Amino acid sequence: MDDGLAERLRLFRESGHVRPAVADFVAAELAALADEGHTVTEATAGMLTSHLVMALTRLLDGAPVEPSPADGRMAAELTAHPAAVARARAVAARAGRELGGALPEAEVAFLGMHLAVLGRPTAP
């Protein structure tokens, strides 16, 4: 994890609005992605990081997730990225076990979109 991404997580931790367990969970997920060979930097994973932190925080706070008009388009787009969808579901399952709550399908889809982008090859 680069300095920019570490700073993003630090700011979330220090805000007082994010549980330490959520920040730790996201940091572990980012480390796992990096260990698998993904480029996990502020530029490549900043939005993924923020989305996952906030989605897990909303979940643990009991905030409802409203359906979005984009849900159908995301589902269609994700059919081309089965590995990203599988990874998003695995992350959601781990969050359920470790944090005590299951991410709603809409949040899993957003996570899948972030992972699909992260999985794209980078330009030389």
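In this report, we go over the structure that sits alongside the text. In this text, all values refer to a predicted model and were calculated from it rather than measured experimentally. (Residues numbered from 1 in each chain as written. Predicted model: local features only at pLDDT ≥ 70, side-chain atom pairs only at ≥ 80, totals over all residues. Heavy atoms only, no water.)

1. So, the pattern of salt bridges
Worth spelling out the cut-off: Any carboxyl oxygen of Asp or Glu that lies within 4 Å of a side-chain nitrogen of Lys or Arg is treated as forming a salt bridge with it. Going along the chain from the N terminus, every DSSP run of H or I of four or more residues is numbered as a helix, and every run of E of two or more is numbered as a strand. The buried label goes to any residue with under 20% of its type's maximum accessible area, the exposed label to any with over 50%, and the partly exposed label to all in between, with areas taken from a 1.4 Å probe on protein chains only.
As enumerated under the stated definition, the model contains nine salt bridges in all. Among the ionic pairs, Glu14 bridges to Arg10, the shortest N-O distance being 2.4 Å. With Glu14 and Arg10 both in helix 1 (residues 3-15), this residue pair falls four residues apart, about one helical turn. Classification of Arg10 as partly exposed rests on a relative accessible area of 33%. For the salt bridge of Glu105 with Arg89, the shortest nitrogen-to-oxygen distance reads 2.9 Å. Here Glu105 is found in helix 6 (residues 105-118), whereas its partner Arg89 is found in helix 5 (residues 82-99), with 16 residues between them in sequence. Overall, Glu105 belongs to the partly exposed group, its relative accessible area being 47%. Among the charged side chains, a network of salt bridges with common partners joins Glu7, Arg10 and Glu14.

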